[in-house]
Amino acid sequence: MLRSPVGPFKEFDDYDALGLADLVRRREVSARELVETAIARIEALDSTLNAVVIRCFDEALAVAETVPTTGPFMGVPYLAKDLHTSWAGVPSTNSVLSFAGTVSAADSLLTQRTKNAGFILLGKTNAPEWGWSLTTESPMHGPARNPWAFDRTPGGSSGGAAVAVAAGYLPLADAGDGAGSTRVPAAINGLVGLKPSRGRISPGPEAADFWFGGGQSSCVSKTVRDTAAMLDALQGGYPGEPYYIRERPLFLDSANPGNRRLRIGFSLNNPRGDTNGTVVNEAVCDAARLCGLLGHEVEPFDFDYHFEALWRAYTGMVRVQTAAQFEDHARERGVLNKPSDMSEAIWSTIERGRATSAIQHSRDIEAMRRHGRHIATLTSRYDAVLLPVLPQGTRPLGYYDMSLDIDAYDATAMGEDTVYMMPFNVSGQPALSLPLGMDRSGMPLGVQLVAAPAGEATLIELAASLERARPWYDRRAPFHAANGPTGRY
């Protein structure tokens, strides 16, 4: 028998974020009840899971009393990611010791739009140092725990966000993706995770660009329609930005499965030359068969690009931008960046970035753009393609060792596991992880869908039909708030 769910609103788990907002709109539940329920769940379970590292509970309860009467997510509790997110008056540490004490002076455009959508901020989620990891195990905040299995990585860099949603704290949370950082945690925790197209969502006003369009914000959620509605709420930029998509379709309309017959390609080829896990390949093939049963034209294709050349260019660019960002922060705060304040992986990233010549940086950018053109062209004959997310599935906790020098780290753990994700950060294509598979131990396995640049509507339409054919909403992690105050049966 299940113990009583945690929190005053007992039906919390029966609804996604849009569903909860509709209850608030119809006055069947109050925003305060939802906020109190989410807070109770965090307080009951997070000493174990360590997903929420900055808390704004009193402020959230105050906002809940005067919740706006508009917005698709009115009254729904929300967690921001403690990485490159600016909420006025809220700490922003990026999980780096030298950023301790940093408080955002103003809201970013993304934050303004999140508030306008009706969300109520409860706090910020755990993330790895500076986000350059596919796990969430920073020295500053400690490891987040995967609610499916405590000895497995929760994913990164949006690991705390994914843990919070998978454990039932709330149905949707902030996420961002620079080399798989939304798709990996979604895949590992049995959630929906979208990396939008380059230029779909502005990083402003603090920045006009982030990693040459490689970094994109979105969310991890329990349903395709929540992800679509979140994209509707966040999309748009400033005219004149380097990547600017003028059209702003209503993506929630695409979350109603359509009858279009799509041409879909799938591939198991690993461009790095590694051998994928058997269950990973089986999940992709099973998803391809399901697409065929839904009436789509499905065929194999050879997903291939020069991994080493592109990885070298992309990581080279990241190192230069990281060095610049750390130096800017040090100048603004009047502090020094010291190796004692960060892992060897991050410190050596800064050092390599400082040592890179302007000519080499220019060459890296050009190489990235050429590779991006190749990848988008390679997949352009299809409406969507199916690929793995992680070539080996979920790694053990501690696998991504940031005590390594960045050259060793990027050449091993990080490079091996981002082979299917990083290319779409470079090409600017939208990519979506769906929880369509499970491994032999019962851990979720995500399958990746990719469309043409600015093709999110196609991804959402296809994802919605797959969700209807093989629903995952009621699939819950073993450690979950619905199991009572201890998280377990």
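Residues numbered from 1 in each chain as written. Predicted model: local features only at pLDDT ≥ 70, side-chain atom pairs only at ≥ 80, totals over all residues. Heavy atoms only, no water.

Here we take up the overall build of the protein. Within the protein, the secondary structure is distributed over 14 helices and 13 strands. In summary, the protein has a C-alpha radius of gyration of 21 Å against a globular reference of 23 Å for 489 residues, a match within 12%. Among the 489 residues that make up the protein, the fraction classed as buried is 64%. Counted over contacts in the protein with a minimum sequence separation of 6, partners at least 24 positions apart contribute 79%. For the protein, the exposed area adds up to about 17700 Å²; of that, 51% sits on carbon and sulfur atoms. In the protein, 46 side chains carry a positive charge and 55 a negative one; their mean positions are 2 Å apart. (Helix = DSSP H or I, 4+ residues; strand = E, 2+ residues; numbered from the N terminus. Rg over C-alpha atoms; globule rule 2.2 N^0.38 Å. Buried < 20%, exposed > 50% of the residue type's maximum accessible area, 1.4 Å probe, protein only. Contact = heavy atoms within 4.5 Å. Areas by Shrake-Rupley, 256 points an atom, 1.4 Å probe, with all protein chains shown as cover. Lys, Arg positive; Asp, Glu negative; His and termini not counted. Charge placed at Lys NZ, Arg CZ, Asp CG, Glu CD.)

Interhelical geometry of helix 9 (residues 307-333) versus helix 12 (residues 406-417) gives an angle of 125 degrees and a closest axis separation of 12 Å. Here helix 9 is positioned oblique relative to helix 12, judged by the angle of their axes. Considering how the two elements wind past one another, helix 9 and helix 12 form a crossing that is right-handed. Contact residues: helix 9 offers Phe307, Trp311, Thr315 and Arg319, while helix 12 offers Ile406, Asp407, Asp410, Met414 and Gly415. When its residues are assigned to classes, the contact of helix 9 with helix 12 shows four nonpolar, two polar and three charged. (Axes fitted to C-alpha atoms, helices over the stretch in contact; angles between N-to-C directions. Parallel < 35°, antiparallel > 145°, perpendicular 65-115°, else oblique. Left-handed = near helix turned anticlockwise from the far one by under 90°. Nonpolar A, V, L, I, M, F, W, Y, C, P; charged D, E, K, R; others polar.)

Moving on to the packing of aromatic side chains. Summed over the entire model, instances satisfying the criterion amount to 20 aromatic pairs. Note on Phe301 and Tyr382: the rings are 5.3 Å apart at their centroids and 50 degrees apart in plane angle, and the pair reads as tilted. Taken as a pair, Phe301 in the loop between strand 10 (297-300) and helix 9 and Tyr382 in the loop between helix 11 (358-378) and strand 11 (384-388) lie far apart in primary sequence, 81 residues in all. Each member of the pair, Phe301 as well as Tyr382, is classed as buried. Taken together, a centroid distance of 6.0 Å and an interplanar angle of 20 degrees make the contact between Phe307 and Trp311 stacked. Linking Phe307 with Trp311, this pair stays in helix 9, spanning four residues, or about one helical turn. The same class applies to Phe307 and to Trp311, which are both buried. Three or more aromatic residues joined by ring pairs form one cluster here, namely Trp132, Phe210, Trp211, Phe301, Phe303, Tyr305, Phe307, Trp311, Tyr314, Tyr382, Tyr420 and Phe424. The lysine or arginine in question, Arg198, covers the ring of Tyr243, its NZ or CZ lying 5.4 Å from the ring centre. (Phe/Tyr/Trp six-rings, centres within 6.5 Å; stacked < 30°, edge-to-face > 60°. Lys NZ or Arg CZ within 6 Å of the ring centre and 35° of its normal.)

Here we come to the layout of surface pockets. In this structure, the second largest pocket spans a volume of roughly 290 Å³. In terms of lining residues, the second largest pocket is bounded by 19 residues, among which Trp311, Arg312, Ala313, Thr315 and Gly316 are the most central. Elements that contribute at least two residues to the lining of the second largest pocket include exactly helix 9, helix 11 and helix 12. In terms of residue class, the lining of the second largest pocket is built from six nonpolar, five polar and eight charged. (1 Å grid on protein atoms, 1.4 Å probe; cavity = no way out; pocket = protein on both sides within 12 Å on 5 of 7 lines; lining within 4 Å. Points joined across faces, edges and corners; volume = space filled by probe spheres on them.)

All we've got here are geometric facts, nothing functional implied.
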